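# Fold and contact review
Here is what each chain is made of, one letter per residue.
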Amino acid sequence: MKRRDFFKQSALATAGTMLIPNFLKAYEAQALGRKAFNGRVLVIVQLSGGNDGLNTVVPFRNDIYYRERPAIAVAPGNVLKLNDEIGFNPALQALRELYDDGVVTVLNNVGYPNPDRSHFRSMDIWQTASDSDQYLTTGWLGRYLDAACAGTAVRTPHRLIEVDDTLSLALKGEHLNGLAMLDPKKLHNQTNSRFVRELAAIKAADDEHNVSYLYKTLAETASSADYVYSKANVSATHTSYPASEMGRSLKTVAELITSGVETSVYYLSISGFDTHINQPGQQERLLRQYAEAVQAFTKDMKANNRLNDVMLMTFSEFGRRLKQNASNGTDHGTANNLFLIGGGLTPGKVFNEAPNLTDLDEGDLKYSIDFRRIYATLLRDWLKADDVAILGKKFDTLNFV
């Protein structure tokens, strides 16, 4: 294999799923699994496309909501009431049962100053924890990984795992990236492919920094892939999961957690929430898939006595505008709701006030909680990390942990 071919194919390394030769393990063989791990796990579920928060947590007492959404509003009699003002979409029946068990907290009006209505830009802002006029190349979880491995030879990409083929910006650090995989066996088989054996014949010159960096990245990925595979089959779940993509992904996460894999953060996403046309049916189908998968995962964690060690956060890059459009859908908006699920919440509840539909910003909801306050709380109080260093500035924490 020629060097230019190596460069072409090694672009996959940035996605965290590169195929790695065994000989590269020499870079860090001694490091695997030896980093301090406090046993706490953060699972992040991203609802991609901009989920409509007003039809997810419905302000069923508000006449403005029904006036602006004559064709798509959720009827008051169908709402799963949480208090006297708001309630879940009926597709979230499974989540309502978890709420009744005290393990769900709902945060309303989450956003950031000067919101951007572009999917790509707003997702970048959420994944990097940047200001809206700031462009970062590292994600907030990637910087957490950098901090966890700083000053030590221990470099463990498997501390962050995304259940996907590619790695999101959120999990990319300056010095180290997380690991992306659909399942441990698939990644293990990839590391033993013919391509990997051919790659093993290539050596980088010491003065070629970029090549050395790629080799080191490959080595770290290979080592973590083997570590995860070696641990992954220890515990197979006995819980029944839905046959949806989210159900399969959360089942994988549950088995890695109960097998003792030392991963602090898992990242998953479910797409399809960009509902400009005929919103109700599509959104309700996705919300039901999400809620039923999360309910199975929560039951699994409880059955394995791990529910108090696991926090699941669900977010979307923005909400939708209050007024429905002419296609029975909704267009890109700003502030949104966010869910936290776990046994360590204090206690599960509706955390703050419902959206104020009489005080809008050009037809969009105003935020009252900067999402980076939630990140700061999760970093400092849940993962026990230096939130100020990772986020680049201090944000006041919230008292949900």
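Rules used throughout
- Residues numbered from 1 in each chain as written.
- Predicted model: local features only at pLDDT ≥ 70, side-chain atom pairs only at ≥ 80, totals over all residues.
- Heavy atoms only, no water.
- Axes fitted to C-alpha atoms, helices over the stretch in contact; angles between N-to-C directions.
- Helix = DSSP H or I, 4+ residues; strand = E, 2+ residues; numbered from the N terminus.
- Parallel < 35°, antiparallel > 145°, perpendicular 65-115°, else oblique.
- Contact = heavy atoms within 4.5 Å.
- Buried < 20%, exposed > 50% of the residue type's maximum accessible area, 1.4 Å probe, protein only.
- Pairing = 2+ DSSP bridges.
- Salt bridge = Lys/Arg side-chain N within 4 Å of Asp/Glu carboxyl O.

A word on the packing of helix α3 (residues 93-100) against helix α10 (residues 279-303). Helix packing for two helices is described by the angle between their axes and how far apart those axes are. The geometry of α3 relative to α10 is characterised by a closest axis approach of 7 Å and an angle of 40° between their N-to-C directions. Relative to α10, the element α3 lies oblique. On α10, the residues that touch A94, L95, E97 and L98 of α3 are Y290, A291, E292, V294, Q295 and T298.

Attention now moves to the pairing of strand β10 (residues 336-342). Taking burial as the measure, the seven residues of β10 include seven buried ones, the bulk of the element. Burial of the side chains of β10 extends over both faces: N336, L338, L340 and G342 are buried on one face and N337, F339 and I341 on the other. The pairing of strand β5 (residues 104-111) with β10 spans five bridges and is classified as antiparallel. Note on β10: the bridge partner recorded for T105 is L340. Here strand β9 (residues 310-315) runs beside β10; their pairing, made up of four bridges, is antiparallel. By the bridge assignment, L312 is partnered in β10 with I341.

Take G77: it is sitting in the loop between α2 (63-68) and β3 (80-81). Expressed as a C-alpha distance, the spacing of G77 and F60, which sit 17 residues apart in the sequence, is 8.9 Å.

In this section: the pattern of salt bridges. Following the criterion strictly, the structure yields 13 salt bridges and no others. Where D52 meets R69, a salt bridge forms, and the shortest distance between an N and an O atom there is 2.6 Å. Linking D52 in the loop between β1 (41-47) and β2 (57-58) with R69 in the loop between α2 and β3, this pair joins segments that are 17 residues apart in sequence. Note on D52: relative accessible area 0%, which makes it buried. Look at R69 and you get buried, because its relative accessible area is 0%. One salt bridge in this structure joins R117 and D364, with 2.5 Å as the shortest N-O distance. Note that R117 is positioned in the loop between β5 and α4 (119-128) and D364 in the loop between β10 and β11 (369-370), a separation of 247 residues in sequence. On the basis of relative accessible area, R117 is assigned to the partly exposed category, the value being 31%. Counted as one network, the salt bridges with shared partners bring together D131, D370, R372 and K393.

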